[in-house]
Amino acid sequence: MERASRLKTKLENSIFAKFFLLFATMLGTSMVIGDGVLTPCISVLSAVGGIKEAKKSISADTVVWVSVAILVLLFMVQRFGTDKVGYSFAPIICVWFLFIAGIGVYNFIKFDPLVVKAVNPKYIVDYFKRNKKQAWISLGGVVLAITGTEALFADVGHFTVRSIQISMCSVTYPALVLAYTGQASFLRKHNDLVSDTFYKSIPGHLYWPTFVVAILASIIASQAMISGTFSIIQQSLSLGCFPRVKIVHTSTKYEGQVYIPEINYLLMMACIFVTIGFKTTTKIGNAYGIAVVFVMTLTSAFLVLVMIMIWKTHIVLIILYVVIIGSVELVYLSSVLYKFDQGGYLPIAFALFLMSVMYIWNYVHRKKYYFELDHKISPDKVKEIMMENNSYRLPGLAIFYSELVHGIPPIFKHYVANVPALHSVLVFVSIKSLPISKVPIEERFLFRRVQPNDFHVYRCVVRYGYTDIRNEQEPFEKLLVEGLQVFIREYYMGMAHALDLAEKDCEAKDDGSTRENVDDQIAKQVEIEKEEEIMDRDIDVLEKAWKCGAVHFVGEHEVVASKGASIVKRIMIDYAYNFLKKNLRQINQVFDIPQKRMLKVGMTYEL
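Residues numbered from 1 in each chain as written. Predicted model: local features only at pLDDT ≥ 70, side-chain atom pairs only at ≥ 80, totals over all residues. Heavy atoms only, no water.

Taking an unreviewed UniProt entry as the reference, the chain is identified by name as Potassium transporter belonging to Olea europaea subsp. europaea. As its UniProt record puts it under Function (unreviewed entry), the chain is described as follows: "Potassium transporter." Annotation of the chain in UniProt includes, under Sequence similarities (unreviewed entry), the sentence "Belongs to the HAK/KUP transporter (TC 2.A.72.3) family." (UniProt positions renumbered as here; feature names shortened; annotations may be inferred.)

Structure representation (structure tokens):
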């Protein structure tokens, strides 16, 4: 406990540690997204390439363009959701594992059953003694046998942990072991066929069924990584580390099943360019290996922090984990980096680009949020601003949108200073997404009065689940007004109830002999009636404002670097961030605000 607390304190107080952890996290996230590009490319291209075994006349360009067509089709069906795509192909993946396991057993029995001796670690030692540097380089190819496991985090968002454990231990792992054992037996008799062992080792009468199932299985492998990419971008977006994109939840049952249209399109274009540019699986494999091992190494490093701070694992076990697992992963990482100039540079380039985008967005997003916190308006200041400006009250309902949950955004003061007219009812709205399927209507709106007076100003936090949508059957303004009416009634009823309790308390203490107690009871009754009149008046004002129409105000913030800022800061804020902001989803699209009743209020933030 003390060790975890000390480490937590050191990390929180160290600027370098915070920056380093942010950098490492963004690097791992970027590598996973890059993995989401490379997995479909290498999976589909390697599966389609098997057709050259049956048709020697087919050129490499034909294989590439067929692969591109399959990739385009794969990304086109993503909008239907992981549920529909996954369940459509689930029986096929079972057939795939059955095929490779069966072929492996067949080759094992037919060619050389003695390869089972390879489980003896002595042979790997001998292998490294004989081949030395080449043995070390070959580890970059060996690591491709376990690719895909780095994306297991995405499966947790789609399935239960127990189902993943059962499927991995009872189906996936045994089938892969049998397949690789069978290929090893085949190579004992055909060591000249190393470059295309899989298709060469298939018995003739099973070639075409295996070829078809291999293509379909490659689609499943691609689907898993694409889903993982969507999932990790969703998490990055919720942490303010990724530009605004549209998140579509495709399942009412599992939060992790999401589809992101913009990312889907960009992934598709990247896959097409990589497939056409590299054409063969050799260079893509080199790039793929670097991405996978980087993700695994970073995951293991972060797991050490989890073991120390959350699991409170014994220090001896932590040291053993670092020495054993860490050393193995670092050896693999050094091996795959050896082929950096043979295609391995691609995931590094992807990662550097994505890290730049993520860091710039996160940096300016935090600066902008802190600016709003520092310049937010208190409830007392709202009254002062409105009285100073002698604002004319227009009939109608004004809805101001802000990311701030507490306080009034600075955009309000800027608006009042330039437009000395306000609607009769003002509501400041913050929209928050919750990690649950649906939020009941009666719990969706959380209201608070900003000023309990004649200004009719309210604060509202709107909470949405990931399957809640706005539609014509449930117009946002109607639900907002109905919720506000309920809040006003409960607010004044609560005050009346408090007065009623106070009156009863006085009656319990009163002996009936004093005139003052009678006067107090009469005064409290008058106050209760007055509160009821104010409640009726507030509800009447709200209903009239609603009938006159609602206007949605959205802040159009222009973010600029403050005077005297460094050249790097100016480039990040004035050019890079503003370029991303203008070319990606706007805030009114995120909030799904009716365009015909929306007004944008411009304001400059100097950061």
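Resuming the write-up.
What am I meant to see in the confidence of the model for the chain here?
Detailed reading of the predicted coordinates is not advisable wherever pLDDT falls low. On average, residues of the chain score 80 in pLDDT, and 85% of them are at 70 or above. In the model of the chain, helix α21 (residues 587–591) stands out as the element of lowest mean pLDDT, 56, in contrast to helix α11 (residues 261–278), which has the highest, 90. (pLDDT = per-residue confidence, 0-100. Helix = DSSP H or I, 4+ residues; strand = E, 2+ residues; numbered from the N terminus.)

Sorry, what's going on with the pattern of salt bridges here?
When the charged atoms of two side chains lie near each other, side chains of opposite charge can form a pair. The final tally for this structure, using the stated rule, is 8 salt bridges. Notably, a salt bridge pairs Lys 122 with Asp 126, separated by 2.8 Å at the nearest N-O pair. Here Asp 126 and Lys 122 lie together in helix α5 (residues 122–131), a separation of 4 residues that amounts to about one turn. Among the ionic pairs, Glu 482 bridges to Lys 478, the shortest N-O distance being 2.7 Å. One end of the pair is Glu 482 and the other is Lys 478, both in helix α18 (residues 476–509) and 4 residues apart, which spans about a single turn. (Salt bridge = Lys/Arg side-chain N within 4 Å of Asp/Glu carboxyl O.)

Sorry, what's going on with the packing of helix α2 (residues 15–49) against helix α10 (residues 207–238) here?
The description of two packed helices rests on the angle between their axes and on the distance between the axes. The contact between α2 and α10 brings their axes to 9 Å, and the two run at 170°. What the angle tells us is that α2 and α10 run roughly antiparallel. Here Thr 29, Val 32, Ile 33, Asp 35, Gly 36, Thr 39, Pro 40, Ser 43, Val 44, Ala 47 and Val 48 of α2 come into contact with α10, specifically with Phe 211, Ala 214, Ile 215, Ser 218, Ala 221, Ser 222, Met 225, Ile 226, Thr 229, Ile 232, Ile 233 and Ser 236. For the contact of α2 with α10, the per-class residue count stands at 14 nonpolar, 8 polar and 1 charged. (Axes fitted to C-alpha atoms, helices over the stretch in contact; angles between N-to-C directions. Parallel < 35°, antiparallel > 145°, perpendicular 65-115°, else oblique. Contact = heavy atoms within 4.5 Å. Nonpolar A, V, L, I, M, F, W, Y, C, P; charged D, E, K, R; others polar.)

Explanation requested: the pairing of strand β6 (residues 457–464) in the structure shown.
Both faces of the sheet carry side chains from a regular strand, because those side chains alternate between them. By the criterion of burial, β6 is predominantly enclosed, with 7 of the 8 residues buried. Relative to β6, strand β4 (residues 421–433) is paired through 8 bridges, and the arrangement is parallel. Across the sheet, the residue bridging to Lys 432 is Arg 463, located in β6. (Buried < 20%, exposed > 50% of the residue type's maximum accessible area, 1.4 Å probe, protein only. Pairing = 2+ DSSP bridges.)

Just checking my understanding: could you explain the nonpolar core for this structure?
Across soluble globular proteins, nonpolar side chains show a tendency to be buried alongside one another. Ranked by internal contacts, the top residues of the largest apolar core, which has 77 residues, are Leu 38, Phe 230, Ile 233, Ile 263, Val 274 and Ile 284. If you tally residues by element for this core, the top one is α2, at 14 residues. Excluding residues within four positions of it along the chain, Ile 263 makes contact with Thr 229, Phe 230, Ile 233, Phe 242 and Val 245. If you look at the next biggest cluster of nonpolar residues, it comprises 35 residues, including Leu 426, Phe 428, Met 572 and Val 601. (Core = buried A, V, L, I, M, F, W, Y, C linked by side-chain atoms within 4.5 Å.)

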